[in-house]
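# Remarks on the overall topology
Take a look at the letters that make up each chain.
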Amino acid sequence: MGQRFLVTGGAGYVGSHLVAALVDAGHRVTVIDNLRQGHRAAVPPAATLVEADIAAAEPVLADGPWDAVFHFAALSLVGESMADPFRYFAANAAAGMGFIGACARHGVRRFVLSSTANLFGTPARIPIAEDAAIDPGSPYGESKHMLERALAWADRIFGMRGACLRYFNAAGADPAGRLGEDHDPETHLIPLAIDAALGRRGPLAVFGTDYPTPDGTCIRDYIHVTDLASAHLAVLPLLDRGSVTFNLGNGAGASVREVIAAVEAVTGHAVPHRIAPRRAGDPAVLVASAARLRAATGWTPRLPGLRDIVATAASWRAAHPDGYGGR
Ligand code: UDP
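Everything numeric in this text was worked out from a predicted model, so none of it was measured.

### Let's talk about the side chain of Arg220
Secondary-structure assignment places Arg220 in strand β9 (residues 219-220). At 2.8 Å, the side chain of Arg220 forms a polar contact with the backbone oxygen of Pro283. Setting aside residues no more than four positions away along its own chain, Arg220 makes contact with Asn169, Ala252, Gly253, Ala254, Asp282, Pro283, Ala284, Val285 and Leu286.

Here's what the structure looks like:
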């Protein structure tokens, strides 16, 4: 008999890929998602969907015990958080802390937090290790840092073990074609470049070509969303011994221009693009060191290649030109 897991934000992009992995492994899964950004169609029929805000999670938590809680539900756009910081502090930090407290009260022992590379602002050293200085690049990153701190106290006072997984750039789609990336509005590089190549949108805006990188565009660590999901399963056994924090990326960087080239190679179409000013809050280079995670768990990405990542994203997009088809 599988274990029983609660996933907030499980109808969203990364959360839904974890839910699929859990269901595929024979576990029982309940999703809490208000479906403001998530999609009903992204939750498999085998999972239970509770359409609610995390503020209303108390009855679901009371219906435990839960073998672990995975907390994905959040606003997640760096640029938006620079324009509206207190919306991010309220929705991510304040609501998240309420949820963490409710989990501790209801006896949850293992809690996995979706955290972010944006904690590191402009890092002094690349690749970025877990002990790099915390200096959030935006209110979004700050809101996740607040939750990491809250989890440390939940462990110290209530013994609820936390895993903080600092995602770098989640990308790609379920290789089986069941799930993909569908944001409204879409702001992420890979889906926008694919849509531009397929002629479904106007030219891609390249945000800055004057960064101190070899080709002048920003470098990011794109990690396949199913590899992100498998890391969540890999860290669970560690939580029986204590709380953990890991940076979660491929450990290799790609520039915006390299992503454009990969999309062109995969789709066979040019990516129409124009040079635009820098986007607020974007550091030049964010590349993870996943050495600690690999050493602790043996986890390794199965789809580390940029072309493989782009290919899964492009094939989902081609099969679902309108994404999940409305909210
Ligand atoms: N980017 C870009 N044009 C776009 C969207 C993104 O040039 O329309 C760049 C962005 O500046 C960053 C990288 O692509 O350097 C990845 O951005 P994305 O929004 O996909 O992820 P983030 O790094 O913000 O999590």
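### Some points on helix α4 (residues 85-105)
With 21 residues, α4 should reach 30 Å at 1.5 Å per residue; the first-to-last C-alpha distance of 29 Å fits that figure. Along α4, the helix axis deviates most sharply at Gly96, where the bend reaches about 25°. Listed as buried for α4 are Tyr88, Phe89, Asn92, Ala93, Gly96, Phe99, Ile100, Ala102, Cys103 and Ala104. The inward-facing, buried residues of α4 contact β1 (4-8), α2 (58-62), β4 (68-71), α3 (78-83), β5 (110-116) and α5 (139-158). After α4 finishes, the residue Gly107 shows a positive phi value of roughly 80°.

### Details of unusual backbone geometry
Of note, the bond from Ile126 into Pro127 is cis; its omega dihedral lies within 30 degrees of zero at -5°. With respect to the helices and strands, the residue Pro127 is situated in the loop between β5 and α5. In this structure, Leu35 takes a positive phi of about 60° despite not being glycine. With respect to the element layout, Leu35 can be found in the loop between β2 (28-33) and β3 (48-51). For Leu35, a relative accessible area of 13% puts it in the buried group.

### Side note on the pattern of salt bridges
Within this structure, the stated rule accounts for 16 salt bridges. Ionic pairing is found between Glu80 and Arg87, a salt bridge with its closest N-O pair at 3.6 Å. A relative accessible area of 30% means that Glu80 is categorised as partly exposed.

### Topic: the pairing of β1
Taking burial as the measure, the five residues of β1 include five buried ones, the bulk of the element. With burial as the criterion, each face of β1 is covered, one bearing Arg4, Leu6 and Thr8 and the other bearing Phe5 and Val7.

### What about the packing of aromatic side chains?
Under the criterion given, the structure shown has five aromatic pairs. Where Phe86 meets Phe89, the ring centres are 5.3 Å apart and the plane angle is 70°; that geometry is what we call edge-to-face. On the criterion of helical spacing, the pair formed by Phe86 and Phe89 is a turn pair, its members being three residues apart in helix α4. On the basis of relative accessibility, which here comes to 63%, the residue Phe86 falls in the exposed class. Ring geometry for Tyr88 and Tyr140: centres 6.3 Å apart, planes at 90°, overall edge-to-face. Here Tyr88 is found in helix α4, whereas its partner Tyr140 is found in helix α5, with 52 residues between them in sequence. Lying across the ring of Trp66, Arg4 places its NZ or CZ 4.0 Å from the centre. Across the ring face of Tyr211, the terminal group of Arg278 is positioned such that the distance to the ring centre comes to 3.9 Å.

### Some words on the packing of helix α1 (residues 13-24) against helix α7 (residues 225-235)
One way to put it is that α1 packs onto α7 with a least axis distance of 9 Å and a crossing angle of 60°. Here α7 runs oblique to α1, going by the angle between their axes. Crossing hand, α1 versus α7: right-handed. Along its contact with α1, which presents Tyr13, Val14, His17, Leu18, Ala21 and Leu22, the element α7 presents Val225, Thr226, Leu228, Ala229, His232 and Leu233. Partitioned by chemical class, the residues of the contact of α1 with α7 number nine nonpolar, three polar and no charged.

Conventions and cut-offs
Residues numbered from 1 in each chain as written. Predicted model: local features only at pLDDT ≥ 70, side-chain atom pairs only at ≥ 80, totals over all residues. Heavy atoms only, no water. Helix = DSSP H or I, 4+ residues; strand = E, 2+ residues; numbered from the N terminus. Polar contact = N/O pair within 3.5 Å; in protein donor to acceptor, adjacent residues only side chain to side chain. Contact = heavy atoms within 4.5 Å. Expected span 1.5 Å × (residues − 1). Bend = angle between axes of the 7 residues up to and from the residue. Buried < 20%, exposed > 50% of the residue type's maximum accessible area, 1.4 Å probe, protein only. Salt bridge = Lys/Arg side-chain N within 4 Å of Asp/Glu carboxyl O. Phe/Tyr/Trp six-rings, centres within 6.5 Å; stacked < 30°, edge-to-face > 60°. Lys NZ or Arg CZ within 6 Å of the ring centre and 35° of its normal. Axes fitted to C-alpha atoms, helices over the stretch in contact; angles between N-to-C directions. Parallel < 35°, antiparallel > 145°, perpendicular 65-115°, else oblique. Left-handed = near helix turned anticlockwise from the far one by under 90°. Nonpolar A, V, L, I, M, F, W, Y, C, P; charged D, E, K, R; others polar.

What is shown is where atoms sit, not what they do.
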